[in-house]
Amino acid sequence: MAEKLDIKSYNLIELQEQLQGIGEKSFRAKQIYKWIHVDKVSSFDEMTNISKDLRAKLGERYEIRTVNPVQILTSKIDGTKKYLFALCDGIVIESVLMRYHHGNSVCISTQAGCRMGCKFCASTLNGLERNLTASEMLSQIYEIENDIGERVSNIVLMGSGEPLDNFDNVIKFIELITDKNGKNLSQRNITLSTCGLVPKIRKMADMGLQITLALSLHASDDETRKQLLPIANKYSIREVLDACEYYFEKTGRRITFEYSLVSGVNDTKEEATKLAKLVEGMNCHINLIPVNPIEERDFVQSDKEAIYAFQNTIEKNKIHVTIRREMGRDINGACGQLRKSFMDKQ
Ligand code: SAH
């Protein structure tokens, strides 16, 4: 039997075409779309305004794929939840729910594993397993909303994977999650973090999206950046920053620079000054992330004093800077660590 089609991955127009293709009226598409993307049902039988016959017909050809929680950890400190989800083929991925007073924010994975090889990141240790589909990205949000019975208002593409290495599916996901017939999230409530795939940043800028771009900078000179991010061998900091400026010109969206502080590698006051000079004049914000050490590497987190000194130095140069608040300290492993320990056990 042929594999059933993933009905959650269609936009409304594609769904209309699908229905026409099986001899159905296209207005049904809007009803079905709403069941999938607003009511977040997991079976055709729940679509009560659709005839039994059509439900059966849909079930023969399509399936509503979802992601199934295999483990959920909840922080007793701040309610942060880490989800380990199994995909249809048994691969597991990680998502995180963070509860802020301004709403619920979810960090989703865009790939199972990653091939970028950043030195301090646990997600990349076993390489890339596969790209996630748009529907698998949506399902992470929908399942978390179903689990907590609340709306998710902010999405960050900062889980496992390099979103711009899975460009088409990520763009499709953004299209679907912001569709006014579906969840209708504002693009402005989405942040995409990239290690800096320059041509893809420029391509995204040309699409005129309104999402926030977060760039993993992590160093103020190319040599140091190469020690941490292999992608730095391909694109220089100058090229990456030019692409970010282009993104700002095209979209008017302020850029976020992520800078993970690693003791003895990139955390001196001199480096803070160099960093400030580097981004001077750009409409940006720097987010400092005290490195979260992973077992497999011997990176050490900068001490509090170094972190605050680094922040102060940047502030003195009149650049917006914040230290990323650690959420769910009691369940906190570095990005991708929960997934990795689960896979190692298997
Ligand atoms: N592929 C995307 C998303 C990665 S995760 C990217 O490269 O931007 C989001 C951020 O966390 C990135 O800036 C990443 O470099 C950083 N990061 C990953 N592992 C980390 C760790 N163990 N400690 C601190 N920051 C880490």
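None of the values given here were measured: they were computed from a predicted structure. (Residues numbered from 1 in each chain as written. Predicted model: local features only at pLDDT ≥ 70, side-chain atom pairs only at ≥ 80, totals over all residues. Heavy atoms only, no water.)

## Here's the deal with the environment of V170
Step number 1: You can see V170 is positioned in helix α5 (residues 167–177).
Step number 2: Look at V170 and you get buried, because its relative accessible area is 1%.
Step number 3: When the C-alpha atoms of V170 and T133 are compared, they prove to be 7.9 Å apart, with 37 residues separating the residues in sequence.
Step number 4: In this structure V170 touches T110, M137, L157, P163 and L192, once residues within four positions along its chain are discounted. (Helix = DSSP H or I, 4+ residues; strand = E, 2+ residues; numbered from the N terminus. Buried < 20%, exposed > 50% of the residue type's maximum accessible area, 1.4 Å probe, protein only. Contact = heavy atoms within 4.5 Å.)

## Let's talk about helix α1 (residues 12–21)
Step number 1: Those residues of α1 lying buried are L12, L15, Q18 and L19. Projection of α1 onto a plane perpendicular to its axis shows the buried side chains occupying an angular sector of 115°, all on one side. Projecting away from the buried face of α1 at angles above 90 degrees are the exposed residues I13 and G21.
Step number 2: Looking at the packing, one finds that the buried side of α1 touches β1 (5–6), α2 (27–37), α3 (52–61) and β2 (62–63).
Step number 3: In this structure N11 caps α1, since a side-chain oxygen of it lies 3.2 Å from the backbone nitrogen of I13.
Step number 4: One or two positions beyond α1, positive phi appears at G23, with a value near 75°. (Arc of directions from axis to C-beta. Polar contact = N/O pair within 3.5 Å; in protein donor to acceptor, adjacent residues only side chain to side chain.)

## Notes on the site of the ligand
Step number 1: Close to the ligand lie 17 residues, the nearest being S193, S216, H218, S260 and N292.
Step number 2: Within the side chain of S216, one N or O atom sits 2.6 Å away from an oxygen atom of the ligand.
Step number 3: Coverage of the ligand by the protein amounts to 95% of the 540 Å² it exposes when considered alone.
Step number 4: Taken together, the elements giving at least two residues each to the shell around the ligand come down to β10 (190–194) and β12 (255–261).
Step number 5: Looking at the shell around the ligand, its residues break down into eight nonpolar, seven polar and two charged. (Near = heavy atom within 4 Å. Areas by Shrake-Rupley, 256 points an atom, 1.4 Å probe, with all protein chains shown as cover. Nonpolar A, V, L, I, M, F, W, Y, C, P; charged D, E, K, R; others polar.)

## Side note on the pairing of strand β4 (residues 81–86)
Step number 1: In terms of burial, β4 is largely enclosed, as six of its six residues are buried.
Step number 2: Residues K81, Y83 and F85 of β4 are buried on one face, and the alternating residues K82, L84 and A86, pointing to the opposite face, are buried as well.
Step number 3: Bridge count for strand β3 (residues 68–74) against β4 is six bridges, and the pairing is antiparallel. By the bridge assignment, I72 is partnered in β4 with Y83.
Step number 4: Relative to strand β5 (residues 92–100), β4 runs antiparallel, the two being bridged by six bridges. Paired with K82 across the bridge in β5 is V96.
Step number 5: Hairpin connection of β4 to β5: five residues between the antiparallel strands, including G90 at a positive phi of 90°. (Pairing = 2+ DSSP bridges.)

## A closer look at empty space enclosed by the protein
It is the rolling of a water-molecule-sized probe over the atoms that shows where space remains empty.
Step number 1: According to the stated counting rule, one finds one cavity of 30 Å³ or more in the structure shown.
Step number 2: Volume-wise, the largest cavity comes out at about 40 Å³.
Step number 3: If you trace the largest cavity, you find it lined by K8, I36, K40, V41, S42, T66, Y142, E143 and N146.
Step number 4: Sorting elements by how many residues they give to the lining of the largest cavity places helix α4 (residues 134–148) first, with three residues.
Step number 5: When its residues are assigned to classes, the lining of the largest cavity shows three nonpolar, three polar and three charged.
Step number 6: Of the residues that make up the lining of the largest cavity, three or more belong to each of domain 1 (5–63) and domain 2 (72–345). (1 Å grid on protein atoms, 1.4 Å probe; cavity = no way out; pocket = protein on both sides within 12 Å on 5 of 7 lines; lining within 4 Å. Points joined across faces, edges and corners; volume = space filled by probe spheres on them. Domains from an automatic or database assignment.)

By themselves, these figures tell us nothing about what the structure is for.
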